[in-house]
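Chain by chain, the residues run as shown.
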Amino acid sequence: MSHKCAICGQLTTTKIYEGCVVHCCQCGCNIVAKQSLGNIIQRKIVEFDQHECIALARRSPHDGVDESTTRVVLCMQCGQPTIPKQYAVDSAIVIDECSQCELVYLDPGELENMQMYVEGIDLLVLKPR
Ligand SMILES: [Zn+2]
Ligand SMILES: [Zn+2]
């Protein structure tokens with residue numbers, strides 16, 4: 001099943017990322033089923049730079065939230081506007097979600113940012129400072 005990307009309007013393709021099905025397209029965005037998102041974030045197949053992870057985990061919403069909060073993304077399945085949600089209370093990461101279809105729309109790099117954020121939090125717990 002192929003859909004039009006809610007962000008750029010091109011047809012999406014599917015790929016396997018961290019063992020989960022992800023819809024993606026040429027603009028680099030990722031569309032993930034809500035239940036898969038948690039699995040992707042918990043997996044650590046893809047490795048990231050520890051310093052970058054910690055920097056991201058230290059970034060608070062007060063440092064400025066992603067500008068994606070201002071645009072409206074329409075769900076590719078039901079056509080309803082998605083709702084921007086802050087990913088974690090202390091993160092500066094905002095994701096667009098359709099609660100009806102349980103799909104999450106991620107801008108290019110956002111999925112990686114979420115993984116790095118979670119990893120960074122872990123690292124901070126292990127070695128504070
Ligand atoms: Zn796209
Ligand atoms: Zn929807």
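Everything here concerns the structure above.
The paragraphs below set out a description of the structure included in this document. Predicted, not measured: the structure shown is a model, and the values here were computed from it.

Calculation rules
- By convention here, each chain's residues receive numbers from 1 onward along its written sequence.
- Lettering of chains starts at A and numbering of ligands starts at 1, both following the order in which they are written.
- Where totals are concerned, whole chains, interfaces and linings use all residues; where local detail is concerned, this predicted model gives features only for residues with pLDDT of at least 70, and gives and counts side-chain atom pairs only at 80 or more.
- To qualify as a helix, a DSSP run of H or I must reach at least 4 residues; to qualify as a strand, a run of E must reach at least 2; elements of each kind are numbered from the N terminus.
- Residues are scored as being in contact if the C-beta atoms we place from backbone atoms lie within 7 Å.
- Residue burial is a threshold on neighbouring C-beta atoms within 10 Å of the residue's own C-beta, all placed from the backbone, with 20 or more meaning buried, 12 or fewer meaning exposed, and counts in between meaning partly exposed.
- Only when DSSP finds a minimum of two bridges between them are two strands counted as paired.
- Where helices are involved, their axes are fitted lines through C-alpha atoms of the stretch in contact, as for all axes, and angles between N-to-C directions lie from 0 to 180°.
- The term nonpolar core refers to a set of buried Ala, Val, Leu, Ile, Met, Phe, Trp, Tyr and Cys residues connected through C-beta atoms within 7 Å.
- Orientation categories follow fixed angle ranges, with anything under 35 degrees roughly parallel, anything over 145 roughly antiparallel, 65 to 115 roughly perpendicular, and all other angles oblique.
- Ten residues, namely Ala, Val, Leu, Ile, Met, Phe, Trp, Tyr, Cys and Pro, are considered nonpolar, four, namely Asp, Glu, Lys and Arg, are considered charged, and the remaining ones, Gly among them, are considered polar.
- Directions drawn from the helix axis to the C-beta atoms are what define this arc.

## Here's the deal with the overall build of the chain
Regarding its fold elements, the chain presents 3 helices and 6 strands. Scanning the chain from its N terminus toward the C terminus, one meets helices and strands in the order β-β-β-α-α-β-β-β-α. Sequence-distant contacts in the chain: of pairs separated by 6 or more residues, those separated by 24 or more amount to 54%.

## Description of the pairing of strand β5 (residues 94-98)
Burial runs high along β5: 4 of the 5 residues are buried. With 4 bridges connecting them, strand β4 (residues 83-86) and β5 associate as antiparallel partners. Its bridge partner being in β5, Lys85 is matched across the sheet by Ile95. Pairing of β5 with strand β6 (residues 103-106), which is carried by 3 bridges, proceeds in the antiparallel orientation. If you follow Glu97 over to β6, its bridge partner there is Val104. Between the antiparallel neighbours β5 and β6 lie 4 residues, among them Glu102 with a positive phi of about 55 degrees.

## Some remarks on the sheet that holds β6
Strand pairing in a sheet relies on backbone hydrogen bonds, with the paired strands running either antiparallel or parallel. Reading across the sheet, the 6 strands line up as β1-β2-β3-β6-β5-β4 and stay open at both edges, with antiparallel pairing between neighbours. Looking at the sheet topology across the chains shown, the edges are occupied by β1 (13-17) and β4. Neighbouring strand axes in the sheet, compared pairwise and without regard to direction, differ in orientation by 35 degrees on average. The sheet strands contacting helix α1 (residues 34-42) are β1, β2 (20-24), β3 (30-33), β5 and β6, and the helix crosses β3 at an angle near 105 degrees.

## Some thoughts on the nonpolar core
Core analysis: the largest hydrophobic core is formed by 27 residues, its most contacted members being Ala6, Cys29, Val104, Tyr105 and Leu106. Taken together, the elements giving at least two residues each to this core come down to β3, α2 (50-58), β5, β6 and α3 (110-126).

## Section: the packing of α2 against α3
The geometry of α2 relative to α3 is characterised by a closest axis approach of 7 Å and an angle of 90 degrees between their N-to-C directions. It follows from the interaxial angle that α2 and α3 lie roughly perpendicular. Where α2 abuts α3, its residues Gln50, Glu52, Cys53, Ile54, Leu56 and Ala57 lie against Asn113, Met116, Tyr117, Glu119, Gly120, Ile121, Leu123 and Leu124. Of the residues assigned to the contact of α2 with α3, the class counts are 9 nonpolar, 3 polar and 2 charged.

## Focus on α2
Regarding α2, the residues found buried are Cys53, Leu56 and Ala57. End-on view of α2: buried residues confined to an arc of 100 degrees, all on one side of the axis.

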